[in-house]
Amino acid sequence: MQKQNTLASEFSLKGKGLHTGLNVNVTFKPAPENHGYKIIRIDLEEQPVIEAVAENVTNTQRGTVLSKGNVQVSTVEHALAALYAWGIDNCLIEVDAPEFPILDGSARFFSENIEKAGITEQNAPKDYYTVRHKIEVKDEKSGSSLIVLPDDRFSINVLIEFDSSVLPNQYASMTNISEFPEKFAASRTFVFVREIEMLLQNNLIKGGDLDNAIVIYDKKMEQQQMNRFADILGVPHTNVKAFGFVNDKPLVFPNEPARHKLIDVIGDLALIGKPIKGHVIATRPGHKINNQLARLIRKDIKVNDIQAPIYNTSEEPVMDINRIRELLPHRYPFLLVDKIMEVGGDYIVGIKNVTVNEPFFQGHFPQEPVMPGVLLVEAMAQTGGLLVLNSVDEPERYSTYFMKIDNVKFRQKVVPGDTLIFRLQQLAPIRRSISTMKGYVFVGEKIVCEAEFMAQIIKNK
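Reading the values: rules and limits
- Residues numbered from 1 in each chain as written.
- Predicted model: local features only at pLDDT ≥ 70, side-chain atom pairs only at ≥ 80, totals over all residues.
- Heavy atoms only, no water.
- Helix = DSSP H or I, 4+ residues; strand = E, 2+ residues; numbered from the N terminus.
- Buried < 20%, exposed > 50% of the residue type's maximum accessible area, 1.4 Å probe, protein only.
- Contact = heavy atoms within 4.5 Å.
- Lys, Arg positive; Asp, Glu negative; His and termini not counted.
- Charge placed at Lys NZ, Arg CZ, Asp CG, Glu CD.
- Polar contact = N/O pair within 3.5 Å; in protein donor to acceptor, adjacent residues only side chain to side chain.

(A) Representation of the overall build of the protein in the model. Helices and strands together make up the secondary structure of the protein, namely 9 helices and 25 strands. Its C-alpha atoms give the protein principal-axis dimensions of about 90 × 45 × 35 Å. Sorting the 461 residues of the protein into buried and exposed places 52% on the buried side. Across the protein, the fraction of contacts at a sequence separation of at least 24, relative to all contacts at a separation of at least 6, is 72%. Taken as two groups, the 52 positive and 57 negative side-chain charges of the protein have centres that lie 2 Å from each other.

Next comes the structure, spelled out in structure tokens:
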């Protein structure tokens, strides 16, 4: 089972802020498990902490801006994309300004320093958001859309399109997140010359120059106006006659703008707080619609805080009923687990098919058959017992006895025809033959029952 990760050591980066032009220092530090991405404004007396989640985004037009109250920090998307791509789940970020440094306008320096700092595995399971069905957001006015489809890993396709003779459309594709450092991280942000005046008027690119953005000249301008922009940006006057990219530094990739938009999508989706198992198709993406998708997924996570395991009926079980009978002493009519589909280091997934022929339906209730809640708890306990026995040598020589059951909740009735999916997770390592677990019962994607257990492992006489 994959575990959460944090940085092995801290690192700092210094540079100019894109919006303010101020010198910025940002430090990335290890964080405890289940911490997530949190940003501290150390330049302020109260040192407010902003959690990097979609609900805290306040401005998505030009860079991602996170806020808490009246405290903001912007241009975080490139750093978050690099953390996400390297599988960092927990990180404490200290910044001494209202924005991250723009650096060279890409995620390269963030990615390279994460690699140098190293990654430490933590003692907590990595919690994925698994896409179960199509999710889509659209902006009819701009023609932008983001679609997320089920997949067994994270992948993304990006299509950008502009009213431009230089950049009419481009496409970028990432089939595996491991491609990010080499093939995407160095892709810089881009801007059209015709946009510069509006951006300057709105104080959005005080720290912008030809070193931290690709500048595209695609609409004819008077040389006098070009010279004025050059003076503001602090670069030499250039007599630009041909449309194209005006930077001295060549493109890192032929489709560098599309690859940079892919970085932005990853950075904005990192705001859901969990790595995604799904395939993203982004058409004309932008920070605004990216965040709309992140908010939609966050809403789904809150409603279904625990996702049901994926049950593929065509997969062979890791324990069939014969192996279960070898390990558990229960027999008809009290053996309530049909098969085990997964066993990890600290979790287990089991299945029970509920039929109308169950003997308890004769009395509970004849006119409205409902599986007794106490038997749902017993079925979870049996599944948890198999998890515990799987951790010892010669499991046939041991039995598991439950000492305590707490916080039992029933959310939905179970009836004939339901397939129960059990997921039991150890809450702590087994100590002195005592195990503590949290258990869930699902029907489809809905939780029908949950409980916490304490069990003791005893060697049979």
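(B) View of helix α1 (residues 77-85). Among the 9 residues of α1, 9 are classified as buried, and the element is accordingly described as predominantly covered. For α1, every residue scored as buried is listed here: E77, H78, A79, L80, A81, A82, L83, Y84 and A85. In the segment just after α1, G87 is the residue with positive phi, at about 75°.

(C) Geometry of the side chain of T130. Topologically, T130 is positioned in strand β11 (residues 129-130). Judged by its relative accessible area of 13%, T130 is buried. In this structure T130 touches K277, Q307 and I310, once residues within four positions along its chain are discounted.

(D) Here's a closer look at unusual backbone geometry. Across the junction of Y332 and P333, the peptide omega takes the value 5°, indicating a cis bond. Here the residue pair H364 and F365 is connected by a cis peptide bond, since its omega of -10° sits within 30 degrees of zero. Here F365 is to be found in the loop between β21 (347-353) and α9 (373-389). For N407, which is not a glycine, the phi torsion comes out positive at approximately 50°. As for its placement among the helices and strands, N407 is situated in strand β22 (residues 398-410). Its identity is not glycine, yet S433 carries a phi of approximately 65°, on the positive side. Following the sequence through the fold, S433 ends up in the loop between β23 (419-426) and β24 (434-443). Here S433 falls in the partly exposed class, since its relative accessible area comes to 34%.

(E) Highlighting the side chain of K274. Topologically, K274 is positioned in the loop between α6 (256-269) and β19 (276-283). Relative accessible area serves as the criterion here: at 13%, K274 is assigned to the buried category. Only 3.0 Å separates the side chain of K274 from the side chain of D127, close enough to count as a polar contact. Residues in contact with K274, not counting those within four places in the same chain, are Y84, D127, Y128, Y129, I301 and D305.

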